[in-house]
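# Examining the three-dimensional arrangement
The chain contents come next:
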Amino acid sequence: MSQNPWDDDNEATASESTLVIEREKIKPQETKNAKSDPTVRATIKANASPTPEQLTAAQNKEALEDTLRKFSNKLGEILVSINPTLTEEQVEHAVSQSNEKSTSEMIGEILLKKKLVTEDELVKALSMQSGIPMTKKLDDAEIDLELTNKIPISFAKKHLILPYEKVGSSVLVAISDPNDISVIDDLRILLQSNIKPTLSKKNDIMNAIHRAYEPTAAQGDPELHQNLMNDLDSQDLTSVDLNETQDLLDSDDEAPIIRLVNTLLFRAIKEKASDIHIEPAEKDITVRFRIDGILYEIMRPPKRAQASITSRVKIMAGIDIAEKRIPQDGRIKTRLGGKNVDIRVSTLPTSYGERLVLRILDTASVVLNLEDLGFDDQQLSLIKKITQLSHGIFLVTGPTGSGKTSTLYACLTSINTPDLNIITVENPVEIQLAGLGQIQVDEKVGLTFAEGLRSILRQDPDVIMVGEIRDKETAEIAIQASLTGHFVFSTIHTNDAASSITRLVDMGVEPFLISSSLVAAMAQRLVRRLCPSCKEAYMPTPQELKELNITPEKLKGRTIYRPKGCPACAKTGYKGRMAIYEIMPVDDTIRSMILKNTDAGTIKKAAASSGLATLREDGTKKILSGFTSIEEVLRATQEDTLVA
Ligand SMILES: [Zn+2]
């Protein structure tokens, strides 16, 4: 076929129109489309008056199939000519497999699925067959956002099309299915232009759609922000259907509240916030994001929007919206740009209404490699040694948001092999790890950590991870498990490694059980990383140096940096975070101290004398390596009273 289907006049060449008719007979639902301009459809139909033969063919199912088969074969022929390893028999087989519903696209899909052709070859063949040229480039820079603004993302995704460039009075549109003529009609109406389709791989189009639509959902765009606020002021907030949950990018023109909440979620995820706080005050609502551990105010919606925002979030999270007097929690599972995002929501009644905290579990940003967690070589080899043990308990301690879960996930990932049965009980399951059995705590139905742990033990595990030990019952089951040939990972809420021992004793666990099961305890904190674009070398005061025990010898040949602020780091001076660690293996000395019920401070001193680097000392190393600042380490290790 040599006609150029870009040309409107060529739209209904005899062979193509035959195809249109046949497709309509077979799949009427695909060509029905309310948006289609009736005049356009009429033009196609008029130009496509079928010959008597064609009519007969259309009425005769077998002949119709035959026609389609020939058409499909033609694609097959082209593919055989492009790909020397593809045989005619393989094509025949695919044709017979695709059966009566066969379109050329399906033949291609079958061959693709069997890996007999590549997607590139298929696109090339479809292009040769249809005469539609291949898309040259679909880079960010090439996509005209003015065009994408006119097409809802849901439409683009459904049909896998993306308009990307204006050429004269025409618009170039990347498509993946040359047979989908009706979508071209719809595009002509939506864009008010001639449409020149170009062929692209499906994945390329999908990726380009995500890239093209993300910025318009506004990343802190002041204009959009203002529009949202204006919406809130001008519209009736009560008569809104708050029930839809879908891809955040798909909602284009929803009610203002839905738009506001979606935009908040979108922005939070884009800006890598870990939490969104929605706090009602007397006169308005404060919305804050926690980014790299620090809270920033984002907006102040009016008081009158409070009920709707709260309801919308609660509906999304599956929380009872009528219940406003007790704390509740739920979970939002949403999608952003095709990526799954989990958000844990908790509500807390206050005198000004319900306070909401949304914790974003951005699974993509979690580091699962021990090597990438920021351990130095010595720490890394110690951790690896610990995680290779066949039994015992390893405790990771630190406050909420200190990265304990990431550490445990990375530990589990490092030992995750098919010959080990690894089971976890968590609250919540933050990331699904392939090859692990993960149980989520659900206290409403009585599935507590202790209960989950009991059921795990009936599943013959080798390695167990308990999300948190916070009561005697859980502690004792975990210890029993570790004494009977299992390795147990868990976390506990204490300031330093040594205190985890006294915490267990405080819970009522017998010291001899702890001394015989605990193999190591590790404390950790997250500190912000200095922005590499703007960090500034300086000479700290003697007082600062003293506080961190940085002697002139330690400082020799090193540079200490402080935050400055630049556009790359939103003027904060910091970008991203890293962990600092204190790893305390339990040796004979410590074991006997545990048995004697020694206090945490004394245990820590003993550990330090045998080489323990405290949180603050590890932080100091990271200051001297230029990763973080003195103020960050001091902030994160306030409780870390010096051993000496
Ligand atoms: Zn910067």
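See the structure above.
Residues numbered from 1 in each chain as written. Predicted model: local features only at pLDDT ≥ 70, side-chain atom pairs only at ≥ 80, totals over all residues. Heavy atoms only, no water.

The helix and strand tally for the protein stands at 27 helices and 18 strands. A separation of at least 24 residues holds for 66% of the contacts in the protein among residues at least 6 apart in sequence. Here the protein displays about 30400 Å² of accessible surface, and carbon together with sulfur accounts for 50% of that area. (Helix = DSSP H or I, 4+ residues; strand = E, 2+ residues; numbered from the N terminus. Contact = heavy atoms within 4.5 Å. Areas by Shrake-Rupley, 256 points an atom, 1.4 Å probe, with all protein chains shown as cover.)

Okay, unusual backbone geometry next. In this chain, N427 is followed by P428 through a cis amide linkage whose omega measures -5°. Tracing the backbone through its elements, the reader meets P428 in the loop between strand 11 (422–426) and strand 12 (437–440). Even without glycine at this site, N549 takes up a positive phi of about 55°. By the element assignment, N549 lies in the loop between helix 22 (542–547) and helix 23 (552–555). The phi torsion at N597 lies on the positive side, around 60°, for a residue other than glycine. Of the residues examined, N597 reaches a relative accessible area of 48% and is grouped as partly exposed. (Buried < 20%, exposed > 50% of the residue type's maximum accessible area, 1.4 Å probe, protein only.)

Within this structure, the stated rule accounts for 24 salt bridges. Here D120 ties to K201 by a salt bridge, and the two come within 3.3 Å at their closest N and O atoms. In this pair, D120 is assigned in helix 8 (residues 119–130) and K201 in the loop between strand 3 (194–199) and helix 12 (202–213), connecting sequence segments 81 residues apart. Taking the relative accessible area as the measure of exposure, K201 reaches 21% and is therefore partly exposed. E473 is the partner of R454 in a salt bridge, and the nearest nitrogen-oxygen pair spans 2.7 Å. On the criterion of sequence distance, the pair formed by R454 in helix 18 (residues 449–457) and E473 in helix 19 (residues 472–483) is long-range, its members being 19 residues apart. Looking at R454, the relative accessible area reads 30%, which means it is partly exposed. It is possible to trace a salt-bridge network through shared partners that takes in E279, R288 and R355. (Salt bridge = Lys/Arg side-chain N within 4 Å of Asp/Glu carboxyl O.)

Turning next to the packing of aromatic side chains. By convention here, two paired aromatic rings are described through the distance between centres and the angle between planes. Following the criterion strictly, the structure yields 3 aromatic pairs and no others. Ring geometry for F394 against F489: centres 6.1 Å apart, planes inclined by 75°, an arrangement best described as edge-to-face. Taken together, the residues span a long stretch of sequence, with F394 in strand 10 (residues 392–397) and F489 in strand 14 (residues 487–492) at a distance of 95 residues. Judged by its relative accessible area of 0%, F394 is buried. Of the residues examined, F489 reaches a relative accessible area of 0% and is grouped as buried. Between the aromatic rings of F487 and F489, the centroid separation amounts to 5.0 Å while the plane-to-plane angle is 70°, which identifies the pairing as edge-to-face. Of the two residues examined, F487 and F489, each falls in the buried class. Through a chain of ring-to-ring contacts, the aromatic side chains of F394, F487 and F489 assemble into a single cluster. Note that K535 overlies the ring of Y561, its terminal NZ or CZ placed 4.4 Å from the centroid. (Phe/Tyr/Trp six-rings, centres within 6.5 Å; stacked < 30°, edge-to-face > 60°. Lys NZ or Arg CZ within 6 Å of the ring centre and 35° of its normal.)

With that settled, the discussion passes to the coordination of the zinc ion. Each protein donor to the zinc ion is listed here as C531 (SG), C534 (SG), C566 (SG) and C569 (SG); together their distances run 2.3 to 2.4 Å. Coordination at the zinc ion is tetrahedral: its 4 donor atoms span angles of 105 to 113° at the metal. Written as a sequence motif, the donor residues of the zinc ion are C-x2-C-x31-C-x2-C. Here C534, found in the loop between strand 15 (518–530) and strand 16 (536–538), pairs with C569, found in the loop between strand 17 (560–562) and strand 18 (574–585); they are 35 residues apart in sequence, far enough to count as distant. Side by side, C534 and C569 carry an identical accessibility label, which is buried. (Donors = N, O, S within 2.8 Å, 3.2 Å for Na, K, Ca; no water. Tetrahedral: all angles 85-135°; square planar, octahedral: opposite > 155°, others 65-115°.)

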